[in-house]
Amino acid sequence: MKSLLFLISFFCFTQVFSQTFKVGISTEFKPRDLFLNVNGSFQKENHQVGLIYGFGIQRAFVQNHYFPQISVNYDYRFLNHDLVQLFATNTFSYSTMRLGKTTHQRLHVLEEYIGFSYEIGNKIRFRNSILGGLYSELISPKPAYSVRKLNLGYQFTIGVLYAF
Amino acid sequence: MHFRVIILFFITLIVASCSKEKSSIQTKIIGHAGSGMTQWNGLFVDNSMEGIKYALSLDNCYGVEIDISISADSTLWLFHDSELSDRTNGQGCVRNATDEYLSGLHNKTLHQEKLVKLKDVLLLNSNKHIILDGKNYSQCQQSDIDYGLIKKCFEKLGPLPENVVVNISTMELYAYLKDLGFPLILKIDNISQVTSALDKEEVTGFMFEASKVTKEEIRFLQDKNYKVYLYEVRSIARLKKELKKQPDYILVDDLLNSVIEF
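Keep in mind that this is a model prediction, so the values were computed, not measured. (Residues numbered from 1 in each chain as written. Chains lettered and ligands numbered in written order. Predicted model: local features only at pLDDT ≥ 70, side-chain atom pairs only at ≥ 80, totals over all residues.)

Engineer: What am I meant to see in the overall build of chain B here?
Structural biologist: Looking only at helices and strands, chain B has 9 helices and 12 strands in total. For 262 residues, the compact-globule estimate of 2.2 N^0.38 gives 18 Å, and the C-alpha radius of gyration of chain B, at 20 Å, lies within 12% of that figure. Along the longest, intermediate and shortest principal axes, the C-alpha atoms of chain B span 75 × 45 × 30 Å. Buried residues in chain B amount to 40% of all 262 residues. Across chain B, every contact between residues at least 6 apart in sequence was considered, and the portion connecting residues at least 24 apart equals 52%. (Helix = DSSP H or I, 4+ residues; strand = E, 2+ residues; numbered from the N terminus. Rg over C-alpha atoms; globule rule 2.2 N^0.38 Å. Buried ≥ 20, exposed ≤ 12 C-beta atoms within 10 Å, placed from the backbone. Contact = placed C-beta atoms within 7 Å.)

Engineer: Quick question: what am I supposed to make of the overall build of chain A here?
Structural biologist: Looking only at helices and strands, chain A has 2 helices and 8 strands in total. The order of helices and strands in chain A, counted from the N terminus, is α-β-β-β-α-β-β-β-β-β. Counting all 164 residues of chain A, 29% fall into the buried class.

Engineer: Could you clarify how one ought to interpret the pairing of strand β1 (residues 28-32) of chain B in this entry?
Structural biologist: When a strand is regular, its side chains alternate between the sheet's two faces. All names here are of chain B. Taking burial as the measure, the 5 residues of β1 include 4 buried ones, the bulk of the element. Relative to strand β12 (residues 249-252), β1 runs parallel, the two being bridged by 4 bridges. Looking at β12, one finds that Lys 28 is bridged to Tyr 249. Across 4 bridges, β1 lies against strand β2 (residues 61-70) in parallel orientation. From the neighbouring strand, Ile 29 faces β2, where its bridge partner is Cys 61. Read from β1 through helix α2 (residues 49-57) to β2, the crossover connection turns out right-handed. (Pairing = 2+ DSSP bridges. Right-handed = clockwise from strand over helix to strand, strands pointing away.)

Engineer: When you look at the confidence of the model for chain A in this model, what are you seeing that I'm missing?
Structural biologist: Low pLDDT means the predicted coordinates in that region are not meant to be read closely. For chain A, per-residue confidence averages 90 on the pLDDT scale, and residues scoring 70 or more make up 90% of the total. Low pLDDT (under 50) marks residues 10-14 of chain A, which in the prediction has 0 contacts with non-local residues, meaning those over four places away or in another chain. (pLDDT = per-residue confidence, 0-100.)

Engineer: Looking at this structure, I do not really get the interface of chain B and chain A. What am I missing?
Structural biologist: A common way to report how large an interface is uses the accessible area buried once the components associate. Taken together, the contact between chain B and chain A spans 26 residues of the former and 24 residues of the latter. Listing elements by their share of the side of chain B that touches chain A, those giving two or more residues are α1 (2-16), α2 and α9 (255-259) of chain B. Considering each element in turn, the side of chain B that touches chain A owes the most residues, 5 residues, to α2(B). Of the residues belonging to the side of chain B that touches chain A, the class tally is 12 nonpolar, 8 polar and 6 charged. (Nonpolar A, V, L, I, M, F, W, Y, C, P; charged D, E, K, R; others polar.)

Engineer: How do you make sense of the sheet that holds strand β8 (residues 150-163) of chain A when you look at a structure like this?
Structural biologist: Sheets are built from strands that pair by backbone hydrogen bonding, the pairs being arranged parallel or antiparallel. All names here are of chain A. Strand order around the closed barrel formed by 8 strands is β1-β2-β3-β4-β5-β6-β7-β8, with antiparallel pairing between neighbours. Strand after strand, the sheet turns through a mean of 25° between neighbouring axes, direction not considered. Here strand β6 (residues 106-121) runs beside strand β7 (residues 124-140); their pairing, made up of 16 bridges, is antiparallel. Its bridge partner lying in β7, Ile 114 is registered against Gly 132. (Axes fitted to C-alpha atoms, helices over the stretch in contact; angles between N-to-C directions.)

Engineer: When you look at the environment of A:Leu86 in this model, what are you seeing that I'm missing?
Structural biologist: Residue and element names in this part refer to chain A. Tracing the backbone through its elements, the reader meets Leu 86 in strand β5 (residues 84-98). With 15 C-beta atoms packed within 10 Å, Leu 86 lands in the partly exposed category. The contact partners of Leu 86, leaving out residues within four places of it in the chain, are Arg 77, Phe 78, Leu 79, Phe 116 and Tyr 118.

Engineer: Honestly, unusual backbone geometry in this entry has me stumped. Any pointers?
Structural biologist: Where the residue is not glycine, phi is negative for most of them; where a peptide bond is considered, it is trans in most cases. Of note, the bond from A:Ser140 into A:Pro141 is cis; its omega dihedral lies within 30 degrees of zero at -10°. Structurally, A:Pro141 can be placed in the loop between β7 and β8. Despite not being glycine, B:Asn47 has its phi angle at roughly 55°, a positive value. You can see B:Asn47 is positioned in the loop between β1 and α2. If you check the backbone angles, B:Gln112 has positive phi at about 50° while not being a glycine. The residue B:Gln112 is located in the loop between α3 (99-103) and β4 (116-117) in this model. We classify B:Gln112 as exposed; it has 12 C-beta atoms within 10 Å.

Engineer: Help me out: how do you make sense of the pairing of strand β4 (residues 68-81) of chain A in this one?
Structural biologist: All names here are of chain A. The pairing of strand β3 (residues 47-56) with β4 spans 9 bridges and is antiparallel. Paired with Gly 54 across the bridge in β4 is Gln 69. Of the strand pairs in this sheet, β4 and β5 are connected by 12 bridges, and their pairing is antiparallel. Considered in β5, the bridge of Gln 69 is made with Ser 95.

Okay, here's the thing in structure tokens:
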């Protein structure tokens, strides 16, 4: 019984210490805009999930137009070498903006990208990603003419994280 | 509890993105060559049906400008250049290609958009502005296209809808097109060239390269009840600058970002 309790305690202890929370900021280059994001993620062994929230810098600062974006991220770590971690990354993003000041027409963009990311560092980590995949642009209310909705897209991300 | 927080977050996201500011700009946006030309991040190739439909679908886009070329069968097709091999899987000049040959061609792009007849654009029955930019010079033949042939092509097409205007780049073409019942706009390099068209009833406006006309010159023409169109407006910074001149229409290349200015 004592050995079983020891094993359970040991298991829980190691599990607790293999978990990492990270918060940080990043900039994300996409053909549509350059996004400034805040992000939080949770890593447990080789699996990492993250939530990213940001807005388009060009729309905001050049056009005074709010273009928010939210993304969920899943990383699988396949290389862990000292201070360097390499991940296969899958990210799903949704962004939206109103198509003018005098209209209720709105653009919705859904993106599903896969690619690679790496993190370098210990407590403070630099993270870069290169991702590509499919994105879909939808206009609401439904426009007069139907046009192609699915396209190929890509993004590059550079950011800094604090792990605890 | 978590579910409510998430819902509240999304509602905040949507509400925050709704700008209350109203636009007071009178200038109208026109999609250059459909939904824009020479845009590295453009969704659609220029003069494609997809690009035109996309532009006409946007509330703040008042219409499209499209480039038309004449085929060997005297049919008007949407094509900017003379040489087919530069942009499509075809060979030779548009002017020497038959309709059957052009119908089988597509652009050398990822989505391989097919070439489009002008007639098919008019069948969209859009009530938005459609500006036809007729090519009256053939690079392949290194000579002007016979103006009589241009007239014949328009006659073959039948009466154009009221929302269509034709952009001509020489007043020599005026004599051939003036009786066909559609408004004409004259593309000019500077304000001094306006005089040749001032007494011509069918000329309803003037098209300028944006950098070659001033606000005062635009106002002068508007006072005489002419519409002023500006082109070569490729960026948002340029659009903001040209909006201060208050022309009637601006042909833009970054269409999606241009419409959100209004």
